[in-house]
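# Architecture at a glance
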Amino acid sequence: MTQPSIAIIGAGLAGLACARHLARAGLAFRIFEAGDAVGGRLRSDRVDGFTLDRGFQVLLTAYPEAKQLLDFDGLNLRPLYRGADVFFQGKRHLLADPFHHPIDALKSLPDGLIPWMDKWQMLMLCKEASGIRSVERRLPEMETEDYLKDFGFSHEAIDRFFRPFFGGVFLEKDLRTSARMFLFLYSMFQKGGAAIPAHGIQAIPEQLAVALPPESLRLNSPVAAIQPGHVTLKSGEIVKASHIILAVSEEAAFHLLPESVGEKPKPPRGTTCLYFATSDPLPGRSILCLDGENRGPVNNACVLTHAAPERAPHGQHLISTSIIGTPSSAELEEVVREQMARWFGQAARRWRHLRTYQIRHAQPEGRQLHPGNGPLPAMITPGLYRCGDYVEDVSINGALVSGRRAAEAVLSSLSLH
Ligand SMILES: Cc1cc2nc3c(=O)[nH]c(=O)nc-3n(C[C@H](O)[C@H](O)[C@H](O)COP(=O)(O)OP(=O)(O)OC[C@H]3O[C@@H](n4cnc5c(N)ncnc54)[C@H](O)[C@@H]3O)c2cc1C
C-alpha cells in the first residue's frame, strides 16, 4: 500500500496526541505548528531563573486519557494540597479534603466559613461523583450553580468556596458551565488531586513530542489555507496531503475551514496571570488560595515553590496570581499587590513583579455549556479531520481524547482500525 500523506496542523496537546497514535500505527505524517515550540496553550517561559507557565495550570492526575498516554514519573509531578485556603473577611480559612487530610478537616470543622451542613453535602457530592470518568450524557444538563443549589448547598458554600474554586477552573464566576463538566472535574479532583510538573507545564507536550520522529515536526510554520489534497503555508509553500487534521483552537479552525462548516465561535474565556518573586520567607503549604469574598481582582493564587522549589532560583519563592478575564489597567499590578498584602502580609508590597500574561483565548466558551451533547465528529469530510479541546471537552484530558479520536478516524478511513 502507498503511504497516505498526512498533515497535522497544530502541535498543541490534541495534535501531539493524534501524532502519537498515528506513529504507533506505523503511519508517517508531518506536523505544521505556527509557534516556535510545541504545546499551544501549555507553554512555559524561563525568566531570570524562574519557570513561568503561560497562565496557572494544573494536571489532574486522575484524568483517564492522561494516565494512558503520559509518563507521570517523567513529568516530576508535584502535588498540591487537597483543599484550599479561603480568604474571607480578613482571615485565612482552611478547607481540607476530609478523605485525604482528615485531621485538618476535623480541626477546621468549627471554623465558621461555611455551615456544617455543607461539609456533609460535600461528602455526599463525592459519593455522587465517585464513578464518573468522563463528561457523560446521563448526568444532569444544567448550569453548575443551579446544580449546586438543587443539591442543597447554601449560598455561603457556593459563594465562598465553589465560585472562586471552580470559577478559577472554568474561567467564569457565574458558574454557568455545564454541571456535567463540573461533576467530571469534581470526580477528577477527588480521585487524584492536582499537580504541577516540577519544570513547568510545557513538560507535558514536550514529553509527547520527544517520542515523535524529529523530521515530522515543523515549527514556525503557520498554515494559511487548506484545500482538499493540500495545505498552503503562510510562506506560500504548498504541501500535498491526502489527509488533513486540524488540531488548532476553535477560533483558528473557524478561520481555516470552509464557511459552510460550523458557526462563528462565541467569544472565548480569558485570564490574566501575574507572577511575583520574593526571597522573604513565606510560611504555608502548596495550596490554592482563594478569594472567598469575590472582590478580586485576584481570584486565586499559589506559592508555586511550596510545591516545586525547582521553579525558582535557590532561596527564592515564585507566586502566581490569577485573575478571571483580561482587564487592562495601569494600576493592576498595584491593586494585586495590595490584595496579596492582605493575604500574605505587608511584605507582599515588596515582591518583585516578574511578568504578566494576558491570555484572551484561554478556553472556548461554547463547549463548556453543553459538553454532554457528545463530541463533535472527528471527520468533517473525507480527508479532513479535526481535534482539539473544543471538539471533546475543555481540559488537558479532553484535548488528548480528541487527538486519539482523530487518529482513529484517519485509521478507520484507511481501513486500518
Ligand atoms: C491559562 C489556562 C489555564 C488552563 N488550565 C487548565 C487546567 O488547569 N487543567 C486543564 O485540564 N486544562 C486547563 N486549560 C485548558 C487546556 O490547556 C486546553 O484545553 C488544552 O491545552 C487545549 O489543547 P489543544 O491542543 O486543543 O489546543 P491548543 O493548545 O490551542 O493547540 C493548538 C495549536 O495549533 C497551533 N495553530 C493555530 N493556528 C495554526 C495555524 N494556522 N497553523 C499552524 N498551527 C496553528 C497553535 O499555535 C497551537 O500550538 C487551561 C488553559 C489555559 C490557557
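Residues numbered from 1 in each chain as written. Predicted model: local features only at pLDDT ≥ 70, side-chain atom pairs only at ≥ 80, totals over all residues. Heavy atoms only, no water.

When you go through the protein chain residue by residue, the secondary structure sums to 13 helices and 21 strands. Scaling as 2.2 N^0.38, a compact globule of 417 residues should have a C-alpha radius of gyration of about 22 Å, and the protein chain matches this with 22 Å. Once the C-alpha set of the protein chain is aligned to its principal axes, its extents read approximately 70 × 50 × 40 Å. Expressed as a percentage of its 417 residues, the buried residues of the protein chain come to 58%. Contacts in the protein chain between residues at least 24 apart in sequence constitute 71% of all its contacts with a sequence separation of at least 6. Carbon and sulfur atoms form 53% of the exposed surface of the protein chain, whose accessible area is close to 17,800 Å². Between the averaged position of the 45 positive side-chain charges in the protein chain and that of its 44 negative side-chain charges there is a distance of 2 Å. (Helix = DSSP H or I, 4+ residues; strand = E, 2+ residues; numbered from the N terminus. Rg over C-alpha atoms; globule rule 2.2 N^0.38 Å. Buried < 20%, exposed > 50% of the residue type's maximum accessible area, 1.4 Å probe, protein only. Contact = heavy atoms within 4.5 Å. Areas by Shrake-Rupley, 256 points an atom, 1.4 Å probe, with all protein chains shown as cover. Lys, Arg positive; Asp, Glu negative; His and termini not counted. Charge placed at Lys NZ, Arg CZ, Asp CG, Glu CD.)

Glu 33, Arg 41, Tyr 63, Asp 389 and Ile 396 are the nearest of the 32 residues found near the ligand. Considering the ligand on its own, with 1,000 Å² of exposed area, one finds that the protein chains cover 89% of that surface. Among the secondary structure elements, those contributing two or more residues to the shell around the ligand are α1 (13-24), α9 (250-256), β19 (352-363) and α13 (396-413). Summarising the domain contributions, the shell around the ligand has at least three residues from each of domain 1 (6-42 + 202-266 + 368-413) and domain 2 (44-78 + 196-201 + 269-363). (Near = heavy atom within 4 Å. Domains from an automatic or database assignment.)

Spatial ordering of the open sheet is given by β5-β9-β6, a layout of 3 strands whose pairing is antiparallel. The sheet is open, and its two edges are formed by β5 (59-60) and β6 (77-79), each paired on a single side. Bridging between β5 and strand β9 (residues 194-197) involves 2 bridges; their strand directions are antiparallel. If you follow Leu 60 over to β9, its bridge partner there is Ala 194. (Pairing = 2+ DSSP bridges.)

Moving on: helix α11 (residues 332-344). Taking 1.5 Å of rise per residue, the 13 residues of α11 would be expected to cover 18 Å, and the 18 Å separating its terminal C-alpha atoms lies within 8% of that figure. When α11 is considered as a whole, its buried residues turn out to be Leu 332, Val 336, Arg 337, Gln 339, Met 340, Ala 341, Trp 343 and Phe 344. Two residues or fewer after α11 comes Gly 345, characterised by a positive phi angle close to 105 degrees. (Expected span 1.5 Å × (residues − 1).)

Let us look at the side chain of Ser 395. By the element assignment, Ser 395 lies in the loop between β21 (384-386) and α13. Polar side-chain contacts of Ser 395 include one of 3.3 Å to the backbone nitrogen of Asn 397. Not counting residues up to four positions away in its chain, the partners in contact with Ser 395 are Tyr 63, Met 181 and Asp 389. (Polar contact = N/O pair within 3.5 Å; in protein donor to acceptor, adjacent residues only side chain to side chain.)

What follows deals with the pairing of strand β17 (residues 300-303). Side chains of β17 alternate between two faces, with Asn 300 and Cys 302 and Ala 301 and Val 303 buried alike. Two strands pair when backbone bridges link them, and strand β16 (residues 288-291) and β17 are joined in this way by 2 bridges, in the antiparallel orientation. Looking across to β17, one finds that Cys 289 is bridged to Ala 301. The sheet contact formed by β17 and strand β18 (residues 317-324) spans 4 bridges and is antiparallel. Following the sheet pairing, Ala 301 is matched in β18 by Thr 321.

Scanning the model with the defined rule gives 25 salt bridges in all. When the shortest N-O distance is used, the salt bridge between Arg 311 and Asp 53 registers 3.2 Å. Here Arg 311, found in the loop between α10 (304-307) and β18, pairs with Asp 53, found in strand β4 (residues 50-53); they are 258 residues apart in sequence, far enough to count as distant. Taken as a pair, Arg 311 and Asp 53 share a single burial class, namely buried. Across the pair Arg 176 and Asp 174 runs a salt bridge, and its minimum N-O distance is 3.2 Å. The class for Arg 176 is partly exposed, based on a relative accessible area of 26%. Counted as one network, the salt bridges with shared partners bring together Glu 172, Asp 174, Arg 176, Arg 269 and Glu 365. (Salt bridge = Lys/Arg side-chain N within 4 Å of Asp/Glu carboxyl O.)

With that settled, consider the packing of helix α6 (residues 155-170) against helix α7 (residues 179-191). Direction vectors running N to C along α6 and α7 enclose 100 degrees, while the axes themselves pass 12 Å from each other. By the angle between their directions, the pair α6 and α7 is classed as roughly perpendicular. Contact residues: Phe 162, Phe 165, Phe 166, Val 169 and Phe 170 in α6; Met 181, Phe 182, Leu 185, Tyr 186 and Phe 189 in α7. The residue inventory of the contact of α6 with α7, partitioned by class, reads 10 nonpolar, no polar and no charged. (Axes fitted to C-alpha atoms, helices over the stretch in contact; angles between N-to-C directions. Parallel < 35°, antiparallel > 145°, perpendicular 65-115°, else oblique. Nonpolar A, V, L, I, M, F, W, Y, C, P; charged D, E, K, R; others polar.)

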